[in-house]
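Here is how the chains run, residue by residue.
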Amino acid sequence: MANNQKNQDAKKPNFFVRMGRKLKETFSELKRVTWPTFPKVVKTTCVVLVVVLAFLVVVTALNYGLQELFTVITNIKPTGA
């Protein structure tokens, strides 16, 4: 049983051969990928930007509201930092 394990370890290709095979498989897979069209990329990019801006507005408003609430509760003026 230990002999069989040693034989399998001896048959294992070296690191560079395995990495070469993996790169070859990766490029082969990339050739089969259906890439999106340019208009679709532009459209989805615009959607992402709109969502990010919406979250920016919400988080900024929440931050400002909590800051004002803190000021009202503690009567401490925030330092501009």
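Since the model is a prediction, treat every value here as computed from it, not as a measurement. (Residues numbered from 1 in each chain as written. Predicted model: local features only at pLDDT ≥ 70, side-chain atom pairs only at ≥ 80, totals over all residues. Heavy atoms only, no water.)

Colleague: Help me out: how do you make sense of the overall build of the protein in this one?
Modeller: Within the protein one finds 3 helices and 0 strands. Its helices and strands taken in sequence order, the protein reads α-α-α from the N to the C terminus. Across the 81 residues that make up the protein, the buried fraction comes to 1%. A total accessible area of about 8100 Å² is found for the protein, and carbon and sulfur atoms account for 69% of it. (Helix = DSSP H or I, 4+ residues; strand = E, 2+ residues; numbered from the N terminus. Buried < 20%, exposed > 50% of the residue type's maximum accessible area, 1.4 Å probe, protein only. Areas by Shrake-Rupley, 256 points an atom, 1.4 Å probe, with all protein chains shown as cover.)

Colleague: Mind showing me how you'd approach the packing of aromatic side chains here?
Modeller: The description of an aromatic ring pair uses the distance of the two centres, along with the angle that the planes make with each other. For the structure shown, the criterion picks out 1 aromatic pair. Arranged with centres 5.5 Å apart and planes meeting at 75°, the rings of phenylalanine 15 and phenylalanine 16 form a pair that is edge-to-face. Taking the relative accessible area as the measure of exposure, phenylalanine 15 reaches 47% and is therefore partly exposed. (Phe/Tyr/Trp six-rings, centres within 6.5 Å; stacked < 30°, edge-to-face > 60°.)

Colleague: Where do I start with the pattern of salt bridges in this structure?
Modeller: When charged atoms on two side chains of opposite charge get close, those side chains can pair. All chains considered together, the criterion is met by 1 salt bridge. For glutamate 29, the salt bridge identified is with arginine 32, shortest N-O distance 3.5 Å. Residue class for arginine 32 comes out exposed when judged on its relative accessible area of 58%. (Salt bridge = Lys/Arg side-chain N within 4 Å of Asp/Glu carboxyl O.)

Colleague: It is not clear to me how a nonpolar patch on the surface should be interpreted in this structure. Could you clarify?
Modeller: On the surface, Leu23, Phe27, Leu30, Val33 and Trp35 cluster together into a nonpolar patch covering about 530 Å² of accessible area. With respect to the element layout, valine 33 can be found in the loop between α2 (15-31) and α3 (38-74). (Patch = residues over 30% accessible without salt bridge, like charges linked within 9 Å, V, L, I, M, F, W, Y side chains within 5 Å.)

Colleague: Which parts of the structure should I look at to understand the confidence of the model for the protein?
Modeller: Detailed reading of the predicted model is not advised wherever pLDDT is low. Put simply, the protein has an average pLDDT of 87, and 81% of its residues get 70 or more. Put simply, helix α1 (residues 2-11) is where the protein has its lowest mean pLDDT, 62, and α3 is where it has its highest, 96. (pLDDT = per-residue confidence, 0-100.)

Colleague: For this particular structure, what's the right way to read α3?
Modeller: Here α3 spans 53 Å end to end across 37 residues, near enough to the 54 Å set by a 1.5 Å rise per residue. A positive backbone phi angle near 55° is found at asparagine 75, which sits one or two residues after α3. (Expected span 1.5 Å × (residues − 1).)

Colleague: Looking at this structure, I do not really get α2. What am I missing?
Modeller: Structurally, the α-helix is built with 3.6 residues per turn, so residues lying three or four positions apart point the same way. Taking 1.5 Å of rise per residue, the 17 residues of α2 would be expected to cover 24 Å, and the 25 Å separating its terminal C-alpha atoms lies within 8% of that figure. Looking at where α2 begins, the residue whose side-chain oxygen comes 3.3 Å from the main-chain nitrogen of phenylalanine 16 is asparagine 14. (Polar contact = N/O pair within 3.5 Å; in protein donor to acceptor, adjacent residues only side chain to side chain.)

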